Amino acid sequence: DQQVKQNSPSLSVQEGRISILNCDYTNSMFDYFLWYKKYPAEGPTFLISISSIKDKNEDGRFTVFLNKSAKHLSLHIVPSQPGDSAVYFCAAISSGTYKYIFGTGTRLKVLA
Amino acid sequence: DVKVTQSSRYLVKRTGEKVFLECVQDMDHENMFWYRQDPGLGLRLIYFSYDVKMKEKGDIPEGYSVSREKKERFSLILESASTNQTSMYLCASSELGSRADTQYFGPGTRLTVL
């Protein structure tokens, strides 16, 4: 049973436009959410996170939104750049555990 | 800069072979993790360790074992490799009690089992 889902396996966006990546979860015990970016032949790198006590967190061009009632989070990248082309994973974790649950990933392609 | 290194980037093994994947981190992190990444399945946790000689099973431990004799080194062992263990293997480390924003990943080992 996939507790964290990324229903779009791929997304293409024009350079300069907004990229929106979505993630849904089923476990209401999750209280911390993260986005990772992964380039080919490299390990994932942390991008941005959000605690369940917030509904928005912003870091430069990246903003994560959390809708707890809908069990949905999204990552907005504005403006998108070709260097943002990568696979993006969302992940969730519950307090008191070390076990991160990752989504299946969305491959973002930003077209120049 | 935190560095997590994995012994091989690419590995080809035969069915039935014993396979060792090594991971070393240089930041004195307590926690270390082994994941596998497969298309359409994301990252799945195989095992993790929160201290030397301590380990816990993740979601898919079957067919794998681990060893942590030193704090900086976490080894993943495939006792008898099978073709369904062909995958990208990722090691990660983090500080004790930290959230995943301090989970650092290695570059991965792409293992092919023939």
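Structural data are supplied above this passage.
About the cut-offs
Residues numbered from 1 in each chain as written. Chains lettered and ligands numbered in written order. Predicted model: local features only at pLDDT ≥ 70, side-chain atom pairs only at ≥ 80, totals over all residues. Heavy atoms only, no water. Contact = heavy atoms within 4.5 Å. Salt bridge = Lys/Arg side-chain N within 4 Å of Asp/Glu carboxyl O. Polar contact = N/O pair within 3.5 Å; in protein donor to acceptor, adjacent residues only side chain to side chain. Helix = DSSP H or I, 4+ residues; strand = E, 2+ residues; numbered from the N terminus. Disulfide = S-S within 2.5 Å. Buried < 20%, exposed > 50% of the residue type's maximum accessible area, 1.4 Å probe, protein only.

Peer 1: For this particular structure, what's the right way to read the interface of chain A and chain B?
Peer 2: By a widely used convention, the size of an interface equals the accessible area lost when the partners come together. Each partner contributes residues to the interface: chain A has 22 residues there, and chain B has 24 residues. The interface formed by chain A and chain B contains one salt bridge. The salt bridge involving Lys99 of chain A is made with Asp59 of chain B; its shortest N-O contact spans 2.5 Å. Put simply, chain A and chain B have three residue pairs in polar contact (both at pLDDT 80 or more) between them. If you list the elements that add at least two residues to the side of chain A that touches chain B, you get β4 (32–38), β5 (45–51), β9 (86–93) and β10 (101–102) of chain A. Per element, the largest residue contribution to the side of chain A that touches chain B is four residues, and it comes from β4 of chain A.

Peer 1: Help me understand the state of the cysteines in this model?
Peer 2: In a disulfide, the sulfur atoms of two cysteines are held together by a covalent bond. Here the structure, examined in full by the defined rule, presents two disulfides over all chains. Disulfide pairing is shown between Cys23 of chain A and Cys90 of chain A; the S-S distance is 1.9 Å. One quick way to see it: the torsion about the S-S bond of Cys23 of chain A and Cys90 of chain A is about 65 degrees, and its sign makes the bridge right-handed. Taken as a pair, Cys23 of chain A in strand β3 (residues 19–25) and Cys90 of chain A in strand β9 lie far apart in primary sequence, 67 residues in all. Across this residue pair, the class does not change: Cys23 of chain A and Cys90 of chain A are buried. A sulfur-sulfur distance of 1.8 Å marks the disulfide that ties Cys23 of chain B to Cys91 of chain B.

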